[in-house]
Amino acid sequence: MLETILKVESLNKQFGNFTAVEDLSFSVRGGEIVGLLGANGAGKTTTIHMLLGLTKPTAGAVTIFGENLEESRVSILQRVNFASSYVHLPYNLRVVENLKVFAKIYGVAKPGEKIDELLEMFEIAHLKFKTSGMLSSGEQTRLNLCKALLNDPALLVLDEPTASLDPDLADKVRKILKRVKEEKGMTVLTTSHNMLDVVELCDRIIFMHLGAIVAEGSSEEIMTRFGTDSLEDVFIRIARTKEKVIA
Amino acid sequence: MCWNRIYALIMKYVYICSRNTFRAMDIFFWPIMDLLMWGFVTMYMLKVSNTVPGLITFLIGAVIMWNVFYRAQQVVCISFLEDLWSRNLLNIFTAPVQVREFVTAAYILGLMQASIVLVIMSLVAVVFYGFNILDLGIYAGMLLANLMLMGWALGLVATALIVRWGPQAEVLAWAVPFLVQPVSAVFYPISVLPQPLQVVASMVPAAHVFEGMRALMTGNEAIVWGHIGSAFLLNLLYLAGAGLLFRFLFEQAREKGLLAKYCS
């Protein structure tokens, strides 16, 4: 698949006098996994929130599946899903109840089967009847990912998906995401501070700094451009630069 | 509008209530306590002085009806707050849920909770005080429906303010009914209010409902329809206003990135 799934044009976000995102333009093709990287405050999360319609851009346009997000929010979000390590599902509902609610919201055809399949996939089937608030943070993260895959999204948006996972589970989650992407042709846009995630998972990386894109390409291309063999070095160099343009 | 999504939102809140003893107390415990306390106060007043005819029916009827309004208003706010408290708001608003579906689900929940409270309180009133709300006949339904509409409108206003000002405004979920209670003429007629407040009260649907209820109980049926009509028209106006306010403040929250901020 090569068609453009997500197109961001001249996106701007001002909060009063503060510019969170400035003149951001990029696109994501079908089947790609794109990493949105940058230090805290670089504008990644604000960008993701604008792509999901949670925050209204000051200027610019977001087009997903060829439709304008502001005009066709509901039909677009039907084919999108989202998970973040910092967003939870209602803590006093059981795992299966939470997933049933979202399966209904997304209109999943066979919710019972789908829920069982996802719980098995993320190795939390034994927690099906456990109250969500009683799960460890790693288990909650996997539950969030189950929620995010309920509707077999054509575009999956992830905000630091492995932030609370140990290296073993993070590795498993990366492999699951890669497998689902291969099987379903899913497109993924993800933020992460875990460079291993990025190198292993992402086909392409977009580095943001002070609200703008400062580097774009595969991890190898970016490391070559910065003359290093470590993406972490690139990250640190960009994060410590005071200017918007990286030499 | 998609009724499956509305059903899912209702299902979520029902699950939450069934797992939360304190939330269930809003339905079963507090309304009964309210009724018992006012009932015994009324019985004491009747013992001391029996100068107001039908005092027990006035007060018990008022307590039941006020609870219908209060619970309908409260659940509209709390269904939103539950998502805020559990950091689930982003999951809801990144799903294909329309704002009007969210509001419709909250209204239906308000109707469900107020109906349960009404049934429970009515039964307790029959058992303890021999007061049967069904004695008000067809009018009871009209009066209660108006209180429900006003509960929805005020619940939506309070939710809109919480959307805009965040968790620091959550106290409004419980406080808003008490802001309007003095001019709602729940336990006394509008005529006892000072003149300027009488003007304010005449613009409050609940005041018309309670005036109508008292007129009905004193056999003055002729003026009940006037009160029901006034309350209905005011409710339509306030529901439309509440909808516009919610939409405006929701969009402001989106512009300021507040929906995301509350959950991070």
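**Focus on the overall build of chain B**
Check the secondary structure of chain B and you find eleven helices and zero strands. Along the chain direction, N to C, the helices and strands of chain B fall in the order α-α-α-α-α-α-α-α-α-α-α. Expected size for 264 residues packed as a compact globule is a radius of gyration near 18 Å; at 19 Å, chain B falls within 12% of this value. The dimensions of chain B, computed from C-alpha atoms along their principal axes, are 60 × 40 × 30 Å. Sorting the 264 residues of chain B into buried and exposed places 56% on the buried side. Contacts in chain B between residues far apart in sequence, at least 24 positions, make up 80% of those at least 6 positions apart. Accessible surface for chain B amounts to roughly 11100 Å². Of this, 72% is attributable to carbon and sulfur atoms. Side-chain charges in chain B split into 14 positive and 11 negative, and the spacing between the mean points of these groups amounts to 9 Å.

**A few points about the sheet that holds strand S2 (residues 18-29) of chain A**
All names here are of chain A. The sheet built from four strands is open, its strands ordered S2-S1-S4-S5 with antiparallel pairing. Every interior strand has two partners, whereas the edge strands, S2 and strand S5 (67-68), have only one. Alignment of strand S4 (residues 59-64) against S5, held across two bridges, turns out to be antiparallel. Each bridged residue has a counterpart across the sheet, and for Ile64 the counterpart in S5 is Glu67.

**Regarding the sheet that holds strand S10 (residues 212-217) of chain A**
Strand pairing in a sheet relies on backbone hydrogen bonds. The paired strands run either parallel or antiparallel. Residues and elements named next belong to chain A. If you walk across this open sheet you meet the six strands as S6-S7-S8-S3-S9-S10, and the pairing is mixed. Whereas interior strands pair on both sides, the edge strands pair on one side only; in this sheet they are strand S6 (80-84) and S10. Strand-to-strand twist of the sheet, defined as the mean angle between neighbouring strand axes without regard to direction, takes the value 15°. As paired elements, strand S9 (residues 204-209) and S10 share five bridges and run antiparallel to each other.

**Things to note about the environment of Ala154 of chain A**
Residues and elements named next belong to chain A. Its location among the elements puts Ala154 in the loop between helix H5 (137-149) and strand S7 (155-159). A sequence separation of 23 residues divides Ala154 from Thr131, and the C-alpha atoms of the two residues are 29 Å apart. Those residues in contact with Ala154 that sit more than four places away from it in its chain are Phe65, Arg79, Met186 and Thr187.

**Examining helix H1 (residues 44-51) of chain A**
Residue and element names in this part refer to chain A. Of all eight residues making up H1, seven are buried, and the element is well covered by its neighbours. Along H1, the residues classified as buried are Lys44, Thr46, Thr47, Ile48, His49, Met50 and Leu51. With its phi angle positive at about 80°, Gly53 sits one or two positions after the end of H1.

**Structural notes on the side chain of Ser85 of chain A**
All names here are of chain A. With respect to the element layout, Ser85 can be found in the loop between S6 and helix H3 (95-106). One polar contact links the side chain of Ser85 to the main-chain carbonyl oxygen of Glu160, over a distance of 2.6 Å. When residues no more than four places from it in sequence are discounted, the contact partners of Ser85 are Thr141, Asp159, Glu160, Pro161, Thr162, Ala163 and Ser164.

**A closer look at helix H9 (residues 205-217) of chain B**
Residues and elements named next belong to chain B. Compared with an ideal rise of 1.5 Å per residue, which puts 13 residues at 18 Å, H9 spans 19 Å between its outermost C-alpha atoms and is within 8% of the ideal. Burial analysis of H9 places twelve of its 13 residues in the buried class, which makes it a mostly covered element. Every buried residue of H9 is listed here: Pro205, Ala206, Ala207, His208, Val209, Phe210, Glu211, Gly212, Met213, Arg214, Ala215 and Leu216. On its buried face, H9 sits against helix H3 (55-85), helix H6 (138-165), helix H8 (195-201) and helix H10 (224-255).

**Re the pattern of salt bridges**
Counting across every chain of the model gives 25 salt bridges over all chains. The salt bridge partner of Arg174 of chain A is Asp197 of chain A, with a shortest N-O separation of 2.5 Å. Placement of the pair is Arg174 of chain A in helix H6 (residues 167-184) and Asp197 of chain A in helix H7 (residues 195-201), with a sequence separation of 23 residues. Here Arg174 of chain A and Asp197 of chain A have matching classes, each one buried. If you follow the salt bridges from partner to partner, you end up with Lys56 and Glu70 of chain A together with Glu251, Arg254 and Glu255 of chain B in one network.

**What to know about the interface of chain A and chain B**
On the side of chain B, 32 residues touch chain A, which itself brings 31 residues to the contact. Counting each side, the surface lost to burial between chain A and chain B is near 3100 Å², with a carbon and sulfur contribution of 60%. Considering only the surface of chain A that becomes buried against chain B, Leu54, Lys104 and Ile105 of chain A emerge as the three largest contributors, covering 21% of it. Joining chain A to chain B, the criterion identifies four salt bridges. Across the pair Glu70 of chain A and Arg254 of chain B runs a salt bridge whose closest N-O atoms are separated by 2.5 Å. In this assembly, chain A and chain B are joined by 13 residue pairs in polar contact (both at pLDDT 80 or more). Going through the elements one at a time, strand S1 (4-15), helix H2 (73-77) and H3 of chain A are the ones with two or more residues in the side of chain A that touches chain B. Ranked by residue count, the leading element in the side of chain A that touches chain B is H3 of chain A, at seven residues. Looking at the side of chain A that touches chain B, its residues break down into 16 nonpolar, six polar and nine charged.

**Some thoughts on the domain arrangement of chain A**
All names here are of chain A. Segmenting chain A into domains produces domain 1 (1-79 + 154-166 + 185-247) and domain 2 (85-152). For domain 1 and domain 2, the distance between their C-alpha centres works out to 26 Å. In this assembly, 14 residues from domain 1 lie in contact with twelve residues from domain 2. Taking both partners together, domain 1 and domain 2 bury about 920 Å²; carbon and sulfur atoms supply 52% of that area.

**Here we look at the pairing of S7 of chain A**
All names here are of chain A. In terms of burial, S7 is largely enclosed, as five of its five residues are buried. In terms of strand pairing, S6 meets S7 through five bridges, oriented parallel. Among the inter-strand pairings, Asn81 is bridged to a residue of S7, identified as Leu156. For S7 and strand S8 (residues 187-191), the ladder comprises five bridges, and the chain directions are parallel. Among the inter-strand pairings, Val157 is bridged to a residue of S8, identified as Leu189.

What counts and what doesn't
Residues numbered from 1 in each chain as written. Chains lettered and ligands numbered in written order. Predicted model: local features only at pLDDT ≥ 70, side-chain atom pairs only at ≥ 80, totals over all residues. Heavy atoms only, no water. Helix = DSSP H or I, 4+ residues; strand = E, 2+ residues; numbered from the N terminus. Rg over C-alpha atoms; globule rule 2.2 N^0.38 Å. Buried < 20%, exposed > 50% of the residue type's maximum accessible area, 1.4 Å probe, protein only. Contact = heavy atoms within 4.5 Å. Areas by Shrake-Rupley, 256 points an atom, 1.4 Å probe, with all protein chains shown as cover. Lys, Arg positive; Asp, Glu negative; His and termini not counted. Charge placed at Lys NZ, Arg CZ, Asp CG, Glu CD. Pairing = 2+ DSSP bridges. Axes fitted to C-alpha atoms, helices over the stretch in contact; angles between N-to-C directions. Polar contact = N/O pair within 3.5 Å; in protein donor to acceptor, adjacent residues only side chain to side chain. Expected span 1.5 Å × (residues − 1). Salt bridge = Lys/Arg side-chain N within 4 Å of Asp/Glu carboxyl O. Buried area = accessible area lost by both parts, 1.4 Å probe. Nonpolar A, V, L, I, M, F, W, Y, C, P; charged D, E, K, R; others polar. Domains from an automatic or database assignment.

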